[in-house]
Amino acid sequence: MKKTAMRALLVGAFAFGATAAYAAAPPAQDAKTPKGWSYEIKDGKRVPKGDRVTNPDGSWREEIKQGNCVTIKEKSAAGEYKETRQCNPR
């Protein structure tokens, strides 16, 4: 009976120690945002990619730079969406 109780106590102590060590590990910081997502993670907060300028009439224009290419997304106040992409080889 004592062997079983001692074994259970050791297993419990080991499990408690492993849980405490896992909880004390610091979370990963500055993780890269996967490709295809429309935002980046900075300081743990979602930040839209690109520089979007919104006008008072509801239209907007956004430029997203990816390497040598620039994607320009525009939406007019009437709801017309236009996306252009220009790449400059170096």
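Residues numbered from 1 in each chain as written. Predicted model: local features only at pLDDT ≥ 70, side-chain atom pairs only at ≥ 80, totals over all residues. Heavy atoms only, no water.

Details of the sheet that holds strand 6 (residues 81-87)
Just so we agree on the cut-off: A pair of strands is considered paired only if DSSP assigns at least 2 bridges between the two. In DSSP terms, a helix is any run of H or I states spanning at least four residues, a strand is any run of E spanning at least two, and both are numbered starting from the N terminus. Lines fitted to C-alpha atoms define the axes here, with helix axes fitted over just the stretch in contact, and angles between the N-to-C directions of these axes take values from 0 to 180 degrees.
Read across the sheet, four strands follow the order 3-4-5-6 without closing on themselves; strand pairing throughout is antiparallel. Of all the strands in the sheet, the pair left with one neighbour each is strand 3 (51-54) and strand 6. For this sheet the average axis-to-axis angle between neighbouring strands, irrespective of direction, equals 10°. As paired elements, strand 5 (residues 69-75) and strand 6 share seven bridges and run antiparallel to each other. Paired with Ile72 across the strands is Thr84, a residue of strand 6.

By themselves, these figures tell us nothing about what the structure is for.
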